[in-house]
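Residue-level structural notes
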Amino acid sequence: MPETSRHSWESFADLDGLEEARDSVHKIKRISRDTLYDLQELEPEKSYRLSYLREQFNFKGLDELFERYTERINQGYFSVFLILQFLFSVTHFSIVFGVNLVSQTTESVLPDLILYGITGCLSVGILMMNERYLKHKFYIVRYVGFLMLILVYISDWSVPVYGVYRNDPHLRPAYVTHILIVIFCFLGIASDLLVCTLGLVVTLTHLLTLAFVTYSDYTYFWQRLGSDCIFLLSINVIGLYYRWASELNKRRAFLDHRACVEATLKLTFDKEQEEHLMLSIIPKHTIDKVRKDILRKIEIVERMENIPRSDPMEIPYVQEYDNVTILYADIVNYTAMTTKLPVIKLVDVLNELFTGFDDASEQLNVLRIKFLGDCYYGVAGLPPNPAPNHAEACVDLALKMISIIRTVR
């Protein structure tokens, strides 16, 4: 065997690229199946039912991804809570300090000022940490938010209790509404049971503080306490409704964003499939001409104009070339193979063969013209990348095709 042929034959044994080609049909099937599965539309009449949306998320396996999506949003809400808390603390500190400074009773409210100052400073510090160092560390944000809530709650509850000690028993907690709003809106607690429990605990402790500290010797005790009870229960109900509406909107927005991404991926996939289909039936150097011609005819139809008639004897996109080599490859016993193999298995085998043939053709600068059934046609010596020796390139391709057929068998 000549040295060049032996070298070519040894190079044909390197079929690592064929392994990727073997999965092409299976990949197309999987993408098509997943696309059809992911694009199932929700029932319009049920799309505003939170229980139905939760079932759909669980059915499609989106719970973990949705949790990450909401954690990013909740981290922003936590920053808003810290900003509000800082503003409230500074405002409250300024009012208490200013009023008592005029009346020269600053020493009596010193513990209050210390608590408001600590709360304001911690709000600023945690806000800076949240924006700079806690990005994507959602579990830390969750714990820090809960600790910050406890701090605000204790500082708010301790003021009226300390008022009894200093003979000023009619003080009342100032931030109970703010605390309830934080629990329902800003902390991003996933468990509805935990949120309701925290809301009820804050409500009951506030009512007990009013009953035994603030309203202990007031007239119209029950009327005052009853009005506060109705107000706080209303805040809890509004908070629960907000959680329901917020989760509903988040889930629908998540599905809308996901549908946009899926549509983009599907469009990209369809374009790739279109390109592969055109490459399978049209030489690469004529695809642009065919595509432009098709688009031109579509534009003519859209303008309601008549498509120009062409000569029926004229063969479009045909070019003549001299000094080229043509390869015709036909699979032996293909007819018998079609009777023995199932249709899907036959298509898989042909896909493996022709994908391997295409890879070999590209390596050897042989242009595959078309394939029909088990026939494979290629030409060497055509632009834009003609093989230096087109006859030898076709022979080398034929030898490599034999090697690929043996591997598939």
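Sequence order sets the numbering: in each chain, residues are counted from 1 along the sequence as written. Residues qualify for local features only when their pLDDT is at least 70, as the model is predicted, and side-chain atom pairs are given and counted only at 80 or more; totals for whole chains, interfaces and linings, by contrast, use all residues. In computing side-chain values, all of the structure's heavy atoms are included and hydrogens and water are not.

Remarks on the pattern of salt bridges
- The working definition used for a salt bridge is a side-chain nitrogen of Lys or Arg within 4 Å of a carboxyl oxygen of Asp or Glu. All chains considered together, the criterion is met by nine salt bridges.
- Linking Glu247 and Arg54 is a salt bridge whose minimum nitrogen-to-oxygen distance equals 2.7 Å. Of this pair, Glu247 sits in helix H10 (residues 221-281) while Arg54 is found in helix H4 (residues 50-60), placing the two residues 193 residues apart along the sequence. Numbered from the N terminus, helices here are DSSP runs of H or I no shorter than four residues, and strands are runs of E no shorter than two.

Some thoughts on the confidence of the model for the protein chain
- Confidence scores labelled pLDDT are given residue by residue by the predictor and lie between 0 and 100. For the protein chain, the average pLDDT comes to 79, and 84% of its residues sit at 70 or higher.
- Within the protein chain, no element has a lower average pLDDT than helix H1 (residues 3-12), which sits at 37, and none a higher one than helix H8 (residues 176-186), at 91.

A look at the sheet that holds strand S2 (residues 366-372)
- A pair of strands is treated as paired once DSSP finds two or more bridges between them. Read from one edge of the open sheet, three strands run S1-S3-S2, paired in antiparallel fashion. The open sheet has two edge strands, strand S1 (325-330) and S2, and neither has a second partner. Recorded for the sheet is a direction-independent mean angle of 20 degrees between the axes of neighbouring strands.
- Examined bridge by bridge, S1 and strand S3 (residues 375-380) share six bridges and lie antiparallel to one another. By the bridge assignment for S3, Ala329 is matched with Tyr376. Whenever a helix is involved, its axis is fitted only over the stretch in contact; in every case the axis is a line through C-alpha atoms, and angles between N-to-C directions fall within 0 to 180 degrees.

Let's talk about the nonpolar core
- The set of buried Ala, Val, Leu, Ile, Met, Phe, Trp, Tyr and Cys residues whose side-chain atoms join them within 4.5 Å is what this entry labels a nonpolar core. Here the term buried applies to any residue with accessible area under 20% of the maximum for its type, exposed to any over 50%, and partly exposed to those in between, with areas from a 1.4 Å probe on protein chains only. With 35 residues, the main nonpolar core has Phe78, Phe81, Ile179, Leu180 and Ile183 as its most contacted residues.
- Elements represented by at least two residues in this core include exactly helix H5 (63-102), helix H6 (110-132), helix H7 (138-165), H8, helix H9 (192-214) and H10.
- Among the elements that make up this core, the one with the highest residue count is H8 (eight residues).
- Only heavy atoms enter the contact rule, under which two residues are in contact if any of them lie within 4.5 Å. Filtering out sequence-adjacent residues up to four positions away, Leu180 remains in contact with Gly199, Val202, Thr203, Leu232, Ile235 and Asn236.

With respect to the layout of surface pockets
- Approximately 750 Å³ is the volume attributed to the second largest pocket.
- Lining the second largest pocket are 30 residues, and of these Thr70, Asn74, Gly188, Ile189 and Ala190 lie nearest its centre.
- Looking at the lining of the second largest pocket, the elements that each hand over two or more residues are H5, H7, H8 and H10.
- When residues in the lining of the second largest pocket are grouped by element, the largest group, nine residues, is from H5. Put simply, the grid is 1 Å and covers the protein atoms alone, a cavity is a trapped set of points that fit a 1.4 Å probe, a pocket is an open set with protein on both sides within 12 Å along at least five of seven lines, and lining residues have an atom within 4 Å of a point. Grid points are joined across faces, edges and corners, and a volume is the space filled by probe spheres set on the points.

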